[in-house]
Amino acid sequence: MPEVVQAGLWGLLGGAALVLGALVAWFVRVPRVVIASVVAFGSGVLISAVAFDLMAEAAETGGLGPTAVGFLGGAAAYLAANAALARRGARHRKRSGGEGPEQQPSEEEQGGSGAAIATGALLDGVPESVVLGLGLLGGGSVSAPVLAAVFISNVPEGLSSAAGMKANGRSAGYVFGVWGGIAVASGLSALVGYAALGSAPPEVVAVITAVAAGAILTMIADTMIPEAFERTRTWTGLITTLGFLVAFAIERLGA
């Protein structure tokens, strides 16, 4: 199978975890404290992947300076895009609750919020998918720890956000249209990332990896941790640490 197709399929697999989480949220009434705990765990998993896989690899290949610039650039780009979407109703797109001020707005409460939430969810998923595709460059293979991190973290992301969508009156067609579309977009992002950077110097790939890492870490801090803390409170740090440890162990065992 051509590697460019493999890249797309790996990205699709990571995105499919979002659909799995949405399915659970739609058909099973999951307590919000459980959702928050799983989101905290997924946050720790992703933080470990950013630190020990993405940033470490980028620094070894491209050097500390370019990696730092890419990392901060990815964080700033995500921050700007997220701020723009927040003004249009996507600030709490990962919130699972249906009451209180920190919740997803319905279309009646804020027109256009549905499109903003969908775009925000896409914004959250693209950096992870691009990283999966980049792993195949130069005859390499997808990093098992990164793939595990993306899949494990995407399930609670889809679960939490879909629960909030359902609680605020979004239809099944909207919910599964969003997550199905994002799963496909994730596959395309990984495929395009591989195709566009297939002949790029390793240093360029390292900077792009760092950009994705910065965007992912900013996403964790801006959207995942707040949702987790809302319910798990003082337990958030411990649960996040457990997720980090599990991902670290996977990385060490695969080394």
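The paragraphs below set out a description of the structure included in this document. (Residues numbered from 1 in each chain as written. Predicted model: local features only at pLDDT ≥ 70, side-chain atom pairs only at ≥ 80, totals over all residues. Heavy atoms only, no water.)

## Thoughts on unusual backbone geometry
Put simply, the rule reads: Numbering of helices and strands starts at the N terminus; helices are DSSP runs of H or I of at least 4 residues and strands are runs of E of at least 2.
Located in the positive-phi region is R233, a residue other than glycine, with phi close to 50 degrees. By the secondary structure assignment, R233 is in the loop between α7 (202–232) and α8 (236–254).

## Some thoughts on the side chain of E251
Here is the rule we go by: To sort residues, take the accessible area from a 1.4 Å probe on protein chains only and compare it with the maximum for the residue type: under 20% means buried, over 50% means exposed, and anything in between is partly exposed. It only takes one pair of heavy atoms within 4.5 Å for two residues to be counted as in contact.
For E251, the position within the fold is in helix α8. Since its relative accessible area comes to 11%, E251 is described here as buried. When near neighbours in sequence (up to four residues on either side) are disregarded, E251 contacts F52, D53 and P145.

## Quick look at the nonpolar core
What counts here: Among buried residues, the Ala, Val, Leu, Ile, Met, Phe, Trp, Tyr and Cys ones that are joined through side-chain atoms within 4.5 Å form a nonpolar core.
Counting residues in each nonpolar core, the largest one holds 56 residues, and the members touching the most others are L46, V50, L54, V175 and W179. Elements supplying a minimum of two residues to this core: α1 (3–27), α2 (32–62), α3 (64–90), α4 (113–134), α5 (144–167), α6 (172–197), α7 and α8. The biggest single contributor to this core is α7, with eleven residues. Setting aside its immediate chain neighbours within four residues, V175 contacts A22, W26, A162, M165 and R170.

## A word on a nonpolar patch on the surface
So the rule is basically this: Residues enter a patch when their relative accessible area is above 30% and they make no salt bridge; the linking distance is 9 Å between like charges and 5 Å between nonpolar side chains (Val, Leu, Ile, Met, Phe, Trp, Tyr). For every accessible area listed, the method is Shrake-Rupley and the probe measures 1.4 Å; residues are considered covered only by the protein chains on display. Any Lys or Arg side-chain nitrogen located within 4 Å of an Asp or Glu carboxyl oxygen qualifies as a salt bridge.
There is a patch of nonpolar side chains on the surface, built from M1, V5, L9, L12, V184 and L188 and spanning about 540 Å² of accessible area. Its place among the elements puts V184 in helix α6. V184 sits in the partly exposed class, given a relative accessible area of 46%.

## So, the packing of aromatic side chains
Worth spelling out the cut-off: For this analysis, a ring pair means two rings from Phe, Tyr or Trp (six-membered ring only for Trp) whose centres lie within 6.5 Å, classed as stacked if their planes differ by under 30 degrees, edge-to-face if by over 60, and tilted for the remaining angles. Each ring is checked for a lysine NZ or an arginine CZ that lies within 6 Å of its centre and within 35 degrees of its normal; such an atom marks a charge sitting over the ring.
The full count for this structure, using the stated rule, is four aromatic pairs. Note on F27 and F176: the rings are 6.5 Å apart at their centroids and 20 degrees apart in plane angle, and the pair reads as stacked. In this pair, F27 sits in helix α1 while F176 sits in helix α6, placing the two residues 149 residues apart along the sequence. Of the residues examined, F27 reaches a relative accessible area of 63% and is grouped as exposed. Of the residues examined, F176 reaches a relative accessible area of 24% and is grouped as partly exposed. On the basis of an interplanar angle of 65 degrees and a centroid distance of 5.7 Å, the ring pair of F52 and F244 is categorised as edge-to-face. Separated by 192 residues along the polypeptide, F52 in helix α2 and F244 in helix α8 bring together distant segments of the chain. Taking the ring centre of W26 as reference, the NZ or CZ of K166 above it sits at 5.1 Å. Its end group placed over the ring of Y174, R170 keeps NZ or CZ at 5.4 Å from the ring centre.

## Notes on the packing of α3 against α7
The following threshold applies: Orientation is described by axes fitted as lines to C-alpha atoms, over the contacting stretch for helices, and by angles from 0 to 180 degrees between their N-to-C directions. Here the word oblique covers every angle except those under 35 degrees (roughly parallel), over 145 (roughly antiparallel) and from 65 to 115 (roughly perpendicular). A crossing counts as left-handed when the near helix is turned anticlockwise from the far one by less than a right angle, and as right-handed when that turn is clockwise.
For the pair α3 and α7, the least separation of the axes is 6 Å and the interaxial angle reads 45 degrees. Looking at the two axes, α3 sits oblique to α7. The two elements α3 and α7 cross, and the hand of that crossing is right-handed. On α7, the residues that touch P66, T67, G70, F71, G74, A75, Y78, L79 and N82 of α3 are V207, A210, V211, A213, G214, A215, L217, T218, M219, D222 and T223.

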